Amino acid sequence: MTATIIDGKKTAEKIRSEIKEYVSGLKKKPGLAVIQVGKNPASTSYVNLKEKDCKEVGIYSKIIRLVEEISEEELVEKIIELNKDNSIHGILVQLPLPKHVNEEVAIDMINPLKDVDGFHPVNAGNFFIGKAGFVPCTPKGVIRLLKEYDIPIEGKNAVVVGRSNIVGKPIAMLLMMNNATVTICHSKTKNLAEYTKNADILVVAVGKPGLIKAEMVKEDAAIIDVGITRTGNLLKGDVDFDSVSKKASYIAPVPGGVGPMTRAMLLENTIEAYNNIERG
Ligand code: NAD
């Protein structure tokens, strides 16, 4: 069979138009601040896209570009300033930061109420115990895609490849919260295929192009490829799309699958922050 393509671009467009409609009815505009340190080309492209998305839906965006050499103290001061800024409801520090700046220190300084990436320990903790708080954008986008395409989660075997704090772990957590039976695989997993072959839902978030091949997936599985590797102007996922798409029932490709959803979920989290701050 040939898999149905999970179209993240189209789904994200729909979400953006809903947000635009919502924002048009607000007297005070929601505001998102994005801090970029240095000139990492991938980060520049992500930040530009965030600015463009905000513009499209009517969210005020403040892009703060800081020089690579900035000290940790100066960055922290900037974050404190944004915490106090009433026109800003969401603050995002574009990662990675230069080596001399501790990412944890920067993230910990963001007011948890404005932490739209959901990386602050308070939000991560609340999320892991099932309390309200910001859910990281990529994991949220993955679950939204599964739901958008009516892919059943409850009672299914879900396998997540990758265990990072910002992608793999929260995806696994969300799948479990949606009543899947979840297995997490990682760089030390032996015989990866033994696990992936049992997955009704397979989410891959590693960053190794072609890691998952057709013989590693179950017939009719739903495959969500989160991995992004840049080679020149091309983006590659972790899943061998050509072979796997002939065996799976659904596949979220790279590009055009999870990536656009990550951006749309950031806008949604900014609206959530706005509502929490402005409406108590
Ligand atoms: P990371 O480097 O922090 O984590 C990678 C994970 O892969 C680790 O947990 C590691 O144990 C696992 N891993 C490494 N080699 C493996 C192997 N051979 N077999 C099984 N597991 C292996 O990366 P991350 O931040 O979690 O991101 C993962 C991927 O997702 C990257 O390609 C990143 O660019 C991409 N990403 C995409 C989006 C999006 O919006 N689509 C957002 C964030 C990250």
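Structure: see above.
Everything numeric here is computed off the predicted structure, so don't read it as measured data.

## A closer look at helix α2 (residues 41–57)
Since one α-helical turn is 3.6 residues long, residues separated by three or four positions face the same way.
Next up, step 1: Between its terminal C-alpha atoms α2 stretches 25 Å, which fits the 24 Å expected from 17 residues at 1.5 Å a residue.
Next up, step 2: Three or more residues of α2 are buried, namely Ser43, Val47, Lys50, Asp53, Cys54 and Val57. Along the axis of α2, the buried positions cluster into a sector of 120°, meaning they face one direction only. Of the exposed residues in α2, those oriented more than 90 degrees away from the buried face are Pro41, Lys52 and Lys55.
Next up, step 3: As for α2, its buried residues are in contact with α1 (8–24), β2 (31–37), β3 (60–66), β4 (90–93) and α10 (258–279).

## Topic: the environment of Glu18
Next up, step 1: Looking at the secondary structure, you find Glu18 in helix α1.
Next up, step 2: Given the relative accessible area of 47%, Glu18 is considered partly exposed.
Next up, step 3: C-alpha of Glu18 to C-alpha of His100: the two residues are 82 residues apart in sequence and 40 Å apart in space.

## Concerning the state of the cysteines
Next up, step 1: Under the defined criterion, the tally for this structure stands at zero disulfides.
Next up, step 2: Take Cys54: it sits in no disulfide, and the sulfur closest to it among the cysteines is that of Cys137, at 11 Å.

Analysis parameters
- Residues numbered from 1 in each chain as written.
- Predicted model: local features only at pLDDT ≥ 70, side-chain atom pairs only at ≥ 80, totals over all residues.
- Heavy atoms only, no water.
- Helix = DSSP H or I, 4+ residues; strand = E, 2+ residues; numbered from the N terminus.
- Expected span 1.5 Å × (residues − 1).
- Buried < 20%, exposed > 50% of the residue type's maximum accessible area, 1.4 Å probe, protein only.
- Arc of directions from axis to C-beta.
- Contact = heavy atoms within 4.5 Å.
- Disulfide = S-S within 2.5 Å.

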